[in-house]
Amino acid sequence: MSVEEFHQYLGVPQTKFSERVFGIIDLDGSGELDFLEFAVGVWNYCTYDTRLITKLAFDIFDIDRKVRVESERKEGCL
């Protein structure tokens, strides 16, 4: 399943956030999900407790894997 098919199947627009989620599920970095990657991704999401869901959310935003999330302030934004 390509990233486009992933979004079409889920019925969601393609955003940087959703592409990051796809990238986390794409364990081998091939740009496509095979059945095992998709199944493991769904299984993990459905069986995670609060601590693991929090880690997943953090990993989505920790793009550079520096174990911290930095904020970019833009002029005129809070």
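Refer to the preceding data block for the structure.
Summary of the structure given here. (Residues numbered from 1 in each chain as written. Predicted model: local features only at pLDDT ≥ 70, side-chain atom pairs only at ≥ 80, totals over all residues. Heavy atoms only, no water.)

1. A closer look at helix 2 (residues 16–25)
Applicable threshold: The classification of residues rests on relative accessible area computed with a 1.4 Å probe and restricted to protein chains. Under 20% of the type maximum is buried, over 50% is exposed, and intermediate values are partly exposed. Strands here are runs of E lasting at least two residues and helices are runs of H or I lasting at least four, both read from the DSSP assignment and numbered beginning at the N terminus. For this analysis, residues touch if any pair of their heavy atoms sits within 4.5 Å.
For helix 2, the set of buried residues is Ser-18, Arg-20, Phe-22 and Ile-25. On its buried side, helix 2 packs onto helix 1 (3–10), helix 3 (35–47) and helix 4 (50–61).

2. Here we look at the packing of helix 2 against helix 4
Defined as follows: Axis definition: a line fit to C-alpha positions, over the contact stretch in the case of helices; interaxial angles, taken between N-to-C directions, run 0 to 180 degrees. Orientation labels follow simple angle bins: below 35 degrees gives roughly parallel, above 145 gives roughly antiparallel, 65 to 115 gives roughly perpendicular, and whatever is left gives oblique. Note on convention: the crossing is left-handed when the near helix lies turned anticlockwise from the far helix by less than a right angle, right-handed when the turn is clockwise. For this scheme, ten residues count as nonpolar: Ala, Val, Leu, Ile, Met, Phe, Trp, Tyr, Cys and Pro. Four count as charged, namely Asp, Glu, Lys and Arg, and the remainder, Gly too, count as polar.
Close contact between helix 2 and helix 4 brings their axes to 9 Å; oriented N to C, the two are set at 115 degrees. When the axes of helix 2 and helix 4 are compared, the pair comes out roughly perpendicular. In this structure, the crossing between helix 2 and helix 4 has a hand that is right-handed. In contact with Phe-17, Arg-20, Val-21 and Ile-24 of helix 2, helix 4 contributes Leu-56, Asp-59, Ile-60 and Phe-61. Counted by class, the contact of helix 2 with helix 4 contains six nonpolar, no polar and two charged residues.

3. Some remarks on the side chain of Asp-26
For clarity, the cut-off: We count Lys and Arg on the positive side and Asp and Glu on the negative side, and we leave His and both chain ends out. By definition, a salt bridge exists where a carboxyl oxygen of Asp or Glu is found within 4 Å of a side-chain nitrogen of Lys or Arg.
Tracing the backbone through its elements, the reader meets Asp-26 in the loop between helix 2 and helix 3. Of the side chains with opposite charge, Arg-20 comes closest to the buried, unpaired Asp-26, at an N-O distance of 9.9 Å. Residue contacts for Asp-26: discarding those within four places in its chain leaves Gly-31, Glu-32, Leu-33 and Glu-37.

4. Comments concerning the packing of aromatic side chains
Convention followed: Between rings of Phe, Tyr and Trp, where Trp is taken as its six-membered ring, a pair exists when centres lie within 6.5 Å; planes separated by under 30 degrees are stacked, by over 60 edge-to-face, and by other angles tilted.
Applying the stated criterion across every chain, the model contains two aromatic pairs. On the basis of an interplanar angle of 70 degrees and a centroid distance of 5.2 Å, the ring pair of Phe-6 and Phe-22 is categorised as edge-to-face. Taken as a pair, Phe-6 in helix 1 and Phe-22 in helix 2 lie far apart in primary sequence, 16 residues in all. Each member of the pair, Phe-6 together with Phe-22, is buried.

5. Notes on the nonpolar core
For clarity, the threshold we go by: Think of a nonpolar core as a cluster: buried Ala, Val, Leu, Ile, Met, Phe, Trp, Tyr and Cys residues, connected wherever their side-chain atoms sit within 4.5 Å.
In terms of nonpolar packing, the biggest core is built from five residues, these being Val-3, Phe-6, Phe-22, Ile-25 and Leu-33. Counting residues per element, the ones that place at least two in this core are helix 1 and helix 2. Those residues in contact with Phe-6, other than ones at most four positions away along the chain, are Met-1, Ser-18, Phe-22, Ile-25 and Leu-33.

6. A few points about the layout of surface pockets
Formally: Grid points spaced at 1 Å over the protein atoms alone were grouped into cavities, where a 1.4 Å probe fits but cannot get out, and pockets, open sets with protein on both sides within 12 Å along at least five of seven lines, with lining residues defined by an atom within 4 Å of a point. Grid points are joined across faces, edges and corners, and a volume is the space filled by probe spheres set on the points.
Counted as a void, the largest pocket has a volume near 770 Å³. When contributions to the lining of the largest pocket are tallied by element, the ones reaching two or more residues are helix 1, helix 2, helix 3 and helix 4. Examining the composition of the lining of the largest pocket, we find that eight residues originate from one element, helix 3, more than from any other. For the lining of the largest pocket, the per-class residue count stands at 17 nonpolar, four polar and six charged.

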